[in-house]
Amino acid sequence: MSRVLVTGGAGFVGSHIVDGLLARGHDVLVVDDLSSGARSNLSPDAELVDLDVADEALVGVSKTWGPDVISHLAAQASVPVSMANPALDARVNILGGLNVLRAAMDTDCKQVLYINTGGALYGEPEYLPCDEDHPIRPISAYGLSKWTSECYFRTLLPDSIPLKVLRPANIYGPKQDPHGESGVIAIFARRMLKGEQVTINGDGEHTRDYVYVGDVVEAHDLAMSHEDSFVANVGTGVGTSVNEVFRHLQKVTGNDAPPEYGPPRPGDVRHIALESSRAKLLLGWEPKVGLIEGLERTVASMRSADD
C-alpha cells in the first residue's frame, strides 16, 4: 500500500477519492484550506493539514510526511469566479500547482496524479465528443489556469516521476456543494427539494457531459495502478442540455415548478462532451452510472442528509 498526499481532499471530488484510497488500505494525508471543502466530508482515518495549496509550507509538509503518490485536486473551480477574479484563480491553480510540482520533486515521490478539467479545457469544440487531441482553446480563466498547470507539470516534472493526467467532464454526485457557483445538478436538486424555483443561466439548451463522481474515483484508482505517464479524458461522450437535467430532476424530486431563465454566464462553453476511449484502452475504464441513476443517488443522498 502507498502513502498518498491528496490536495483538495476535503472537497467534493477529493473526499470521494480519499474514501476510495482508505478503503483500499492506503495511508492518506489531506492538504486542504477548507475554503470550499469541509472536515465533515472526511473520514477520521484521513489526516488533515489545514493549508492553502499556494502556501510554500506545502513543500515542508510533503517532505515531512514522505508521500509515495501526490494527487492534486485542490483548485479554484468556479468559472464565474475565475472571470471576475483571474488573479485569485491564477494564484490557486497555477502557483498552487507549482507548489505541488516542487513538493513532488523535493520528496522524490513515485508518481503524480493531476486532475485537470475536460469540461472547460477545449473551448468551443470543433467536433464532438472531444478527444485528447482536440485543440486546447479555453474561453475562461479557469480553463486557462488549469491548462497552464498541466503544462508546467508536463514540462518540469522529471521523467523518473510518472505523470497521470485525468481530464474529467462535469462531475456530479453526493457531497457536492449546493450553495456554490458551480455544480448545476447539486444547486438545482437542493432548491427543488426545498420546493423552490431554480434559475437557468441562458436558454438552457447548452449541453454538458455529466460524469458520476464514483466513476471518477474508479478512474483515479486505475490511474494509480498504471505504470506510465498518460493524459486521458474521463467522460460519457454524451452531451445533455441543462433543460433536460432540469426535467429529469423534476421527476426525481417531485417539484414541478417551472424554471426561471437568467442571462448566460461569461466563460461558459455552449456545448461539450468528452470522448474517453483512451481511458478504456489504457486503464480499462468506462462510465458505469447513467445520468438517471446518478441523479437518483444524488437526490437520495441529499434527502438522507436532511433527515
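Residues numbered from 1 in each chain as written. Predicted model: local features only at pLDDT ≥ 70, side-chain atom pairs only at ≥ 80, totals over all residues. Heavy atoms only, no water.

K.L.:
Would you take a moment to explain the side chain of Arg208 for this structure?
P.N.:
Inspection of the secondary structure assignment puts Arg208 in strand 9 (residues 207-208). Within the buried set, Arg208 has no salt-bridge partner at all; the shortest N-O distance to an opposite charge, 4.4 Å, is to Asp268. A distance of 2.7 Å separates a polar atom in the side chain of Arg208 from the backbone oxygen of Val269. Not counting the four nearest positions on each side in its chain, Arg208 is found in contact with Asn170, Val238, Gly239, Thr240, Asp268, Val269, Arg270, His271 and Ile272. (Helix = DSSP H or I, 4+ residues; strand = E, 2+ residues; numbered from the N terminus. Buried < 20%, exposed > 50% of the residue type's maximum accessible area, 1.4 Å probe, protein only. Lys, Arg positive; Asp, Glu negative; His and termini not counted. Salt bridge = Lys/Arg side-chain N within 4 Å of Asp/Glu carboxyl O. Polar contact = N/O pair within 3.5 Å; in protein donor to acceptor, adjacent residues only side chain to side chain. Contact = heavy atoms within 4.5 Å.)

K.L.:
Mind showing me how you'd approach the nonpolar core here?
P.N.:
If you look at soluble globular proteins, the nonpolar side chains tend to sit buried side by side. Core analysis: the largest hydrophobic core is formed by 58 residues, its most contacted members being Leu166, Phe188 and Leu249. The residues contacting Phe188, other than those within four sequence positions of it, are Val198, Thr199, Ile200, Val242, Phe246 and Leu249. Formed by 23 residues, the second largest nonpolar core is a distinct cluster that contains Leu29, Val100, Phe153 and Leu163. (Core = buried A, V, L, I, M, F, W, Y, C linked by side-chain atoms within 4.5 Å.)

K.L.:
Please explain the packing of helix 8 (residues 242-253) against helix 10 (residues 291-306) as it appears in this structure.
P.N.:
In helix packing, the relevant descriptors are the interaxial angle and the interaxial distance, both defined with respect to the helix axes. The N-to-C vectors of helix 8 and helix 10 enclose an angle of 50°; their axes lie 10 Å apart at closest approach. The angle between the axes of helix 8 and helix 10 places the two elements in the oblique class. For the pair helix 8 and helix 10, the sense of crossing is right-handed. Contact with helix 8, carried on its side by His248, Leu249, Val252 and Thr253, involves Leu291, Ile292, Leu295, Glu296, Val299 and Arg303 of helix 10 and no other residues of that element. Partitioning the contact of helix 8 with helix 10 into residue classes produces six nonpolar, two polar and two charged. (Axes fitted to C-alpha atoms, helices over the stretch in contact; angles between N-to-C directions. Parallel < 35°, antiparallel > 145°, perpendicular 65-115°, else oblique. Left-handed = near helix turned anticlockwise from the far one by under 90°. Nonpolar A, V, L, I, M, F, W, Y, C, P; charged D, E, K, R; others polar.)

K.L.:
Got a minute to help me understand the sheet that holds strand 1 (residues 3-7) in this structure?
P.N.:
Neighbouring strands of a sheet are bound in pairs by backbone hydrogen bonds; such pairs are parallel or else antiparallel. Taken in spatial order, the seven strands line up as 3-2-1-4-5-6-11 in an open sheet, and their pairing is parallel. Edge positions in the sheet fall to strand 3 (47-50) and strand 11 (230-234), since each of these pairs with one other strand and no more. Here the strands of the sheet are splayed against their neighbours by 15° on average, with no regard to which way each runs. By the bridge criterion, four bridges tie strand 1 to strand 4 (residues 69-72) in an arrangement that is parallel. Bridged to Leu5 within strand 4 is Ile70. (Pairing = 2+ DSSP bridges.)

K.L.:
Please explain the packing of helix 1 (residues 12-23) against helix 7 (residues 213-225) as it appears in this structure.
P.N.:
Relative orientation of the contacting elements helix 1 and helix 7 amounts to 55°, with a least axis distance of 9 Å. Relative to helix 7, the element helix 1 is oriented oblique. Between helix 1 and helix 7 lies a crossing whose hand is right-handed. For the pair helix 1 and helix 7, contact is made by Phe12, Val13, His16, Ile17, Gly20 and Leu21 and by Val213, Val216, Val217, His220 and Met224, respectively. A class-by-class count of the residues in the contact of helix 1 with helix 7 yields eight nonpolar, three polar and no charged.

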